[in-house]
Amino acid sequence: MLEYLTIPVTAFQQNCSLVWCSESRDAAVIDPGGDLPVILAEVERLGLTLRAIWLTHAHIDHAGGAGELAQSHALPIIGPHEGDQFWIDGLPQQSAMFGFPPAQSFTPTRWLHDGDSVQIGRETLAVRHCPGHTPGHVVFHAPQIERVFVGDVLFAGSIGRTDFPQGNHEQLIASITERLWPMGGATVFIPGHGPESTLGRERLSNPYVGGT
């Protein structure tokens with residue numbers, strides 16, 4: 001069975017998630033934006049073996065700790081889509097701009113594309129490319145537990161910002177309506193910030209995409 005734990009990190013309270021296979025205890029960390037000692041303490045507490053870093057996108061609060069963690073623990077960085085290469089290249093500048101600890105740029109071990117999959121232990125998650133907040137944003141869908149890790153595409157009562165470089169509002173709305181809604185209304189999404197919600201609830205009541 002796939003299990004997960006969400007750990008708010010950085011001054012931005014970004015929802016980093018540990019996901020793991022309950023049989024093998026192998027784990028991946030989604031969006032380690034910072035506070036690596038906090039994340040690693042949870043890995044140890046849960047008795048997990050960290051195998052990979054998965055990134056939804058390359059904004060500093062999601063990817064700021066990825067380079068250091070990959071280097072210190074010899075982990076592959078999986079994702080995002082290569083549309084976010086310019087954000088990865090700019091991580092050192094992003095960290096200075098937003099007052100984060102110095103962040104390393106890196107080259108992902110593997111870029112992700114729409115329709116790809118990622119695996120941890122005996123569990124597989126589907127990858128969907130959901131541009132708009134950033135051009136290379138991806139989400140990780142676990143239909144076996146009706147969960148999807150959406151980064152900054154969708155929030156409870158809101159949607160991702162599109163006023164950053166290469167953001168695109170029309171693309172973001174299309175990503176939500178064409179890629180997320182078909183996952184089903186009962187699917188719970190884990191956003192990059194704030195509480196979980198269901199796709200069905202947001203499709204009904206979200207002021208930005210309700211009724212779509």
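As the structure is a prediction and not an experimental result, all values here were calculated from the model.

## Side note on helix 6 (residues 169–180)
One full turn of an α-helix is made of 3.6 residues, so residues set three or four places apart face in the same direction. The terminal C-alpha atoms of helix 6, which comprises 12 residues, lie 16 Å apart, in line with the 16 Å expected from a rise of 1.5 Å per residue. On the buried face of helix 6, the contacting elements are strand 8 (138–142), strand 9 (147–151), strand 10 (154–155), strand 11 (158–159) and helix 7 (199–205).

## Looking at a nonpolar patch on the surface
A grouping of Phe12, Met97 and Phe98 is seen on the molecular surface, where their side chains present a nonpolar patch of about 320 Å² in accessible area. Position of Phe98 relative to the elements: it lies in the loop between helix 5 (91–97) and strand 6 (117–120).

## Section: helix 3 (residues 66–73)
Of all the residues in helix 3, the buried ones are Ala66, Gly67, Leu69 and Ala70. In the core, the buried residues of helix 3 are packed alongside strand 3 (26–30), helix 1 (36–45), strand 4 (49–54), helix 2 (60–63) and strand 5 (77–78).

## Structural notes on empty space enclosed by the protein
One pass over the full model with this rule turns up 1 cavity of 30 Å³ or more. Of the volumes computed, that of the largest cavity is approximately 50 Å³. As for the largest cavity, its lining consists of 13 residues, and the residues nearest its centre are Asn15, Ile30, Asp31, Gly151 and Ile190. Only strand 2 (14–21), strand 9 and strand 12 (188–191) provide two or more residues apiece to the lining of the largest cavity.

## Considering the packing of aromatic side chains
A complete count under the given rule lists 6 aromatic pairs for this structure. Ring centres of Phe12 and Phe100 lie 5.2 Å apart, and the angle between their planes is 80 degrees; on these two criteria the pair is classed as edge-to-face. Of this pair, Phe12 sits in the loop between strand 1 (2–9) and strand 2 while Phe100 sits in the loop between helix 5 and strand 6, placing them 88 residues apart in sequence. Taking relative accessible area as the criterion, Phe100 reaches 12% and is therefore assigned buried. A centroid spacing of 6.3 Å and a plane angle of 90 degrees characterise the contact between Trp87 and Phe164, whose relative ring orientation is edge-to-face. A residue pair is termed long-range when its members are at least 10 positions apart, and Trp87 in helix 4 (residues 85–89) and Phe164 in the loop between strand 11 and helix 6 qualify at 77 residues. Judged by relative accessible area, Trp87 falls into the buried class, the value being 11%. In this structure Phe164 comes out as partly exposed when scored by relative accessible area, which is 22%. Put simply, the rings of Phe12, Phe98 and Phe100 pair up and form one aromatic cluster.

## Some details on the sheet that holds strand 8
Where strands meet in a sheet, backbone hydrogen bonds hold them as pairs that are either parallel or antiparallel. If you trace the 6 strands from one edge of the open sheet to the other, you get 6-7-8-9-12-13, paired in mixed fashion. Among the strands making up the open sheet, the edge pair consists of strand 6 and strand 13 (197–198). With 4 bridges connecting them, strand 9 and strand 12 associate as parallel partners. Paired with Phe149 across the strands is Ile190, a residue of strand 12.

## Some details on the side chain of Asn206
With respect to the element layout, Asn206 can be found in the segment after helix 7. According to the relative accessible area criterion, Asn206 is buried, its value standing at 3%. Only 3.4 Å separates the side chain of Asn206 from the backbone oxygen of Phe155, close enough to count as a polar contact. Among the polar contacts made by the side chain of Asn206, one reaches the main-chain carbonyl oxygen of Ser158 at a distance of 3.0 Å.

## Quick notes on the sheet that holds strand 5
One open sheet accounts for 5 strands, arranged 1-2-3-4-5; its pairing is mixed. Only two strands of the sheet have a single neighbouring strand rather than two, namely strand 1 and strand 5. Pairing of strand 4 with strand 5, which is carried by 2 bridges, proceeds in the parallel orientation. Bridging from a neighbouring strand, Trp54 pairs with Ile78 of strand 5.

## A few points about unusual backbone geometry
With an omega of -5 degrees, the peptide bond between Gly79 and Pro80 qualifies as cis. Following the sequence through the fold, Pro80 ends up in the loop between strand 5 and helix 4. Phi is positive for Thr10, close to 65 degrees, though the residue is something other than glycine. With respect to the helices and strands, the residue Thr10 is situated in the loop between strand 1 and strand 2. Phi is positive for Ala74, which is not a glycine, with a value near 50 degrees.

Rules used in this analysis
Residues numbered from 1 in each chain as written. Predicted model: local features only at pLDDT ≥ 70, side-chain atom pairs only at ≥ 80, totals over all residues. Heavy atoms only, no water. Helix = DSSP H or I, 4+ residues; strand = E, 2+ residues; numbered from the N terminus. Expected span 1.5 Å × (residues − 1). Contact = heavy atoms within 4.5 Å. Patch = residues over 30% accessible without salt bridge, like charges linked within 9 Å, V, L, I, M, F, W, Y side chains within 5 Å. Areas by Shrake-Rupley, 256 points an atom, 1.4 Å probe, with all protein chains shown as cover. Salt bridge = Lys/Arg side-chain N within 4 Å of Asp/Glu carboxyl O. Buried < 20%, exposed > 50% of the residue type's maximum accessible area, 1.4 Å probe, protein only. 1 Å grid on protein atoms, 1.4 Å probe; cavity = no way out; pocket = protein on both sides within 12 Å on 5 of 7 lines; lining within 4 Å. Points joined across faces, edges and corners; volume = space filled by probe spheres on them. Phe/Tyr/Trp six-rings, centres within 6.5 Å; stacked < 30°, edge-to-face > 60°. Pairing = 2+ DSSP bridges. Polar contact = N/O pair within 3.5 Å; in protein donor to acceptor, adjacent residues only side chain to side chain.

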